[in-house]
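# Architecture at a glance
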Amino acid sequence: MNKNLVAGLCLALCAATPLAAHAGTITIDGNFADWGITNNGTAAGWTPKAGVLFVVEDQSNANGGYLNPGWGGQAYDAEALYLSWQTKANGLTYLDIALITGHDPSTPTGGNSYGRGDFAIDFGRDGTWDFGILTANRSATLHQGDVVATTNANWATGLWSAPAVYDPAHSSYVTSVTDGTDVGDAALAISSSFVNMGTLGGKHWFYEVEIPVANFGSYWQGANPAEAFDVQWTMLCANDVITLDPPLAVPEPAGLALLLGGLGLAAGTARRRTK
Ligand SMILES: [Ca+2]
Ligand SMILES: [Ca+2]
Ligand SMILES: [Ca+2]
Ligand SMILES: [Ca+2]
């Protein structure tokens, strides 16, 4: 098993932690230490500090390099996505997103090679990608760091229509913004390569993004999102797609009890299955 999936339980547990508890502690500088991430050659190194939502999907060149939905091994591995939001001393709230990938940000596009993609956000989780955060210049007017309001028609898509189904004409995996409305600017930093991340080897790169939530208009009210949302990232072929599904907000005590009750039930089910 060369896949390290930590998502479900961590997401649920992190949901019980106030997300604004670490206000002012994320700096957009390409260094991941402020997220609590450590490249110490252990699986635990992927786990961030409390209050950061995350998903880890570390893969390698095993299994013929199959990722999901395509192939490419470590060179196309989207490995982990992290998310938090904070209200700073200036009273403004910012959404922070971070990515670790085995995909070299300088990978050219051409032939059998595909460059880096943009961060996509779907508010309402309704299948419409409402914003793109650009990791590269995409047109004469849409530049790296721009926050762009989009519809799905404003996105290029990948090579796959479903897992392992090569069908570029019918792919719904959004990759990079081609058009849309520039609504503001995010801060973006991309690290140089590093090693010793997790246990599967290879080189890795870290992306760090901070978006003023005012750019999201009615999708964000005050310190918290107005509705549930997904964040997704992939490269221009979409050989590996990573998606983070944060909970809407910090649960109320009643909701928290329900959540914890549900977790207990799920754990009970898992235990029964292992007998
Ligand atoms: Ca940082
Ligand atoms: Ca990997
Ligand atoms: Ca992966
Ligand atoms: Ca949407």
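Residues numbered from 1 in each chain as written. Chains lettered and ligands numbered in written order. Predicted model: local features only at pLDDT ≥ 70, side-chain atom pairs only at ≥ 80, totals over all residues. Heavy atoms only, no water.

### Focus: the overall build of the protein chain
For clarity, the cut-off: Only DSSP runs of H or I covering at least 4 residues are called helices, and only runs of E covering at least 2 are called strands; the numbering of each starts at the N terminus. Categorising residues by exposure relies on relative accessible area from a 1.4 Å probe, with only protein chains included: less than 20% of the type maximum marks a residue as buried, more than 50% marks it as exposed, and the intermediate range marks it as partly exposed. Should any heavy atoms of two residues lie within 4.5 Å, those residues are counted as being in contact. Shrake-Rupley sampling with a 1.4 Å probe provides the accessible areas, and residues are treated as covered by the protein chains on show and by no other component.
If you tally the helices and strands in the protein chain, you get 2 helices and 18 strands. Put simply, the protein chain has 275 residues, and 48% of those count as buried. Long-range pairs, those at least 24 residues apart, make up 63% of the contacts in the protein chain between residues at least 6 apart in sequence. By element, 56% of the accessible surface of the protein chain is carried by carbon and sulfur atoms, the whole surface being about 11,700 Å².

### Notes on the coordination of the calcium ion (ligand 2)
We apply this condition: With water excluded from the atoms, a metal site may look incomplete; its donors are any N, O or S atoms within 2.8 Å, or within 3.2 Å for Na, K and Ca.
Taken together, Asp58 (OD), Gln59 (O), Gln74 (OE1), Asp77 (OD) and Glu79 (OE) make up the full set of protein donors to the calcium ion (ligand 2), lying 2.2 to 2.3 Å away. Motif for the calcium ion (ligand 2), donor spacing along one chain: D-Q-x14-Q-x2-D-x1-E.

### A few points about the coordination of the calcium ion (ligand 3)
Coordination of the calcium ion (ligand 3) by the protein is provided by Glu57 (O), Glu57 (OE), Gln59 (OE1), Asp77 (OD), Ala78 (O) and Asp240 (OD), with metal-donor distances spanning 2.2 to 2.5 Å. Of the residues examined, Glu57 reaches a relative accessible area of 10% and is grouped as buried. Note on Gln59: relative accessible area 4%, which makes it buried.

### A word on the confidence of the model for the protein chain
The cut-off we apply is this: pLDDT is defined as a per-residue confidence score from the predictor, taking values between 0 and 100.
Residues with a pLDDT of 70 or more make up 81% of the protein chain, whose mean pLDDT is 86. Here residues 1-23 scores under 50 on pLDDT; set against residues more than four positions off or in separate chains, the count is 57 contacts. Low pLDDT, under 50, characterises residues 250-275; the predicted model gives this stretch 14 contacts beyond four residues in sequence or across chains.

### Observations concerning the nonpolar core
Rule in force here: Joining through side-chain atoms within 4.5 Å is the link that ties buried Ala, Val, Leu, Ile, Met, Phe, Trp, Tyr and Cys residues into a set, and such a set is a nonpolar core.
Residues Leu95, Ile121 and Ile211 are the most contacted members of the largest nonpolar core, which totals 38 residues. Within the residue set of this core, elements represented by two or more residues are strand 2 (53-58), strand 3 (78-87), strand 4 (93-101), strand 5 (119-123), strand 6 (131-133), strand 14 (205-212), strand 17 (229-233) and strand 18 (242-244). Looking at which element gives the most residues to this core, the answer is strand 3, with 4 residues. Dropping the residues within four chain positions of it, Ile121 is found in contact with Leu95, Ile97, Trp129, Asp130, Phe131, Ile133, Ile211, Phe216, Phe229, Asp230 and Val231. Counting 15 residues, the second largest nonpolar core, distinct from the first, contains Phe32, Val56, Ile100 and Met197.

### Things to note about the environment of Ile97
With respect to the helices and strands, the residue Ile97 is situated in strand 4. The exposure class assigned to Ile97 is buried, which follows from its relative accessible area of 0%. Along the primary structure Ile97 and Glu208 are separated by 111 residues, whereas in three dimensions their C-alpha atoms are 5.9 Å apart. Not counting chain neighbours up to four residues away, the residues in contact with Ile97 comprise Trp35, Leu81, Tyr82, Phe119, Ile121, Tyr207, Glu208, Val209, Ile211 and Val231.

### A word on the packing of aromatic side chains
Spelled out, the test is: Pairing of aromatic side chains requires ring centres within 6.5 Å, counting the rings of Phe and Tyr and the six-membered ring of Trp. Pairs whose planes differ by under 30 degrees are stacked, by over 60 edge-to-face, and all others tilted.
If you walk through the whole model with that rule in mind, you get 20 aromatic pairs. Between Phe32 and Phe206 the ring centres are 5.4 Å apart and the planes differ by 80°, which places this aromatic pair in the edge-to-face class. Within this pair, whereas Phe32 is found in the loop between helix 1 (7-15) and strand 2, its partner Phe206 is found in strand 14, the two being separated by 174 residues in sequence. In this structure Phe206 comes out as buried when scored by relative accessible area, which is 0%.

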